[in-house]
Amino acid sequence: MKLRRALEGDAEACVDILRAWIEETPWMPLLHSRGSMLSFWRDRLANVEGYVCESDRITGFAVRDGKYVTALFVASDARRMGIGSRLLEAVADKRDTHLWTFQANETARAFYRANGFQELSRTSGDNEEKLADVLLFRPRSA
């Protein structure tokens with residue numbers, strides 16, 4: 001398994017991972033068609049810092065935009081293998097890092113706590129999904 005910079009052409013695999021997560025998460029609404037998600041992620045991967053983890057296929061991806069990690073997803077059959085930690089280090093290493101996660105996403109919140117993030121604030125859902133979320137922060141690592 002290797003990490004590399006994400007390319008615009010990786011959007012399809014990234015969308016597949018993201019949509020699978022949405023479909024397996026009962027509280028997460030599916031707001032966009034596959035086509036609109038592909039268009040969004042092609043543009044996103046072409047214009048921000050992103051990484052994918054791949055072996056025989058892409059098994060996870062992470063994106064950073066400025067000081068924020070805006071996405072970190074791992075395929076369900078590749079979780080708990082260290083992929084999320086490697087992706088997080090790629091997008092957060094040696095930099096102050098902020099990210100948002102949903103309050104209902106206990107697994108992600110535990111993962112981020114274990115990786116040195118602390119809660120800064122909460123909202124009651126002033127996001128596209130209208131779900132309560134948490135702003136987390138980790139200072140640059142040495």
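A brief look at the structure comes next.

What counts, and at which threshold
Residues numbered from 1 in each chain as written. Predicted model: local features only at pLDDT ≥ 70, side-chain atom pairs only at ≥ 80, totals over all residues. Heavy atoms only, no water. Helix = DSSP H or I, 4+ residues; strand = E, 2+ residues; numbered from the N terminus. Rg over C-alpha atoms; globule rule 2.2 N^0.38 Å. Buried < 20%, exposed > 50% of the residue type's maximum accessible area, 1.4 Å probe, protein only. Contact = heavy atoms within 4.5 Å. Areas by Shrake-Rupley, 256 points an atom, 1.4 Å probe, with all protein chains shown as cover. Lys, Arg positive; Asp, Glu negative; His and termini not counted. Charge placed at Lys NZ, Arg CZ, Asp CG, Glu CD. 1 Å grid on protein atoms, 1.4 Å probe; cavity = no way out; pocket = protein on both sides within 12 Å on 5 of 7 lines; lining within 4 Å. Points joined across faces, edges and corners; volume = space filled by probe spheres on them. Nonpolar A, V, L, I, M, F, W, Y, C, P; charged D, E, K, R; others polar. Salt bridge = Lys/Arg side-chain N within 4 Å of Asp/Glu carboxyl O. Polar contact = N/O pair within 3.5 Å; in protein donor to acceptor, adjacent residues only side chain to side chain.

## So, the overall build of the protein
Moving on, step 1. Check the secondary structure of the protein and you find 4 helices and 7 strands.
Moving on, step 2. Ordered by position from the N terminus, the helices and strands of the protein form the series β-α-α-β-β-β-α-β-α-β-β.
Moving on, step 3. Relative to the compact-globule value of 14 Å for 142 residues, the protein shows a C-alpha radius of gyration of 14 Å, a close match.
Moving on, step 4. With the principal axes as the frame, the protein shows a C-alpha extent of 35 × 35 × 30 Å.
Moving on, step 5. Each of the 142 residues in the protein was classed as buried or not, and the buried ones make up 46%.
Moving on, step 6. For the protein, restricting intrachain contacts to residue pairs at least 6 apart in sequence, the fraction spanning at least 24 positions comes to 58%.
Moving on, step 7. Only carbon and sulfur atoms are counted for the fraction: they give 51% of the accessible area of the protein, which is about 7600 Å².
Moving on, step 8. The distance from the centre of the 21 positive side-chain charges to the centre of the 21 negative ones in the protein is 4 Å.

## Details of the layout of surface pockets
Over the atoms, a rolled probe matching the size of one water molecule traces out where space is still vacant.
Moving on, step 1. Space inside the largest pocket adds up to approximately 1500 Å³.
Moving on, step 2. What lines the largest pocket is a set of 46 residues, and nearest its centre among them are Leu-18, Trp-21, Ala-71, Leu-72 and Phe-73.
Moving on, step 3. Looking at the lining of the largest pocket, the elements that each hand over two or more residues are α1 (11-24), α2 (34-47), β4 (68-74), α3 (83-92), β5 (97-102) and α4 (106-114).
Moving on, step 4. Here the lining of the largest pocket takes 7 residues from β4, the largest share from any one element.
Moving on, step 5. Each residue belonging to the lining of the largest pocket can be placed in one class, and the counts come to 27 nonpolar, 11 polar and 8 charged.

## Section: unusual backbone geometry
Moving on, step 1. Located in the positive-phi region is Arg-80, a residue other than glycine, with phi close to 65 degrees.
Moving on, step 2. With respect to the helices, strands and loops of the structure, Arg-80 is situated in the loop between β4 and α3.

## With respect to the pattern of salt bridges
Moving on, step 1. According to the stated counting rule, one finds 14 salt bridges in the structure shown.
Moving on, step 2. Asp-93 serves as the salt-bridge partner of Lys-94, at 3.5 Å between the closest nitrogen and oxygen.
Moving on, step 3. On the basis of relative accessible area, Asp-93 is assigned to the partly exposed category, the value being 30%.

## Describing the side chain of Asn-127
Moving on, step 1. Inspection of the secondary structure assignment puts Asn-127 in the loop between β6 (118-123) and β7 (133-138).
Moving on, step 2. Within the local environment of Asn-127, its side chain forms a polar contact with the backbone nitrogen of Glu-129, the two atoms lying 3.2 Å apart.
Moving on, step 3. For Asn-127, the side chain forms a polar contact with the side chain of Asp-133, separated by 2.9 Å.
Moving on, step 4. When sequence neighbours within four positions are dropped, the list of residues in contact with Asn-127 reads Phe-102 and Asp-133.

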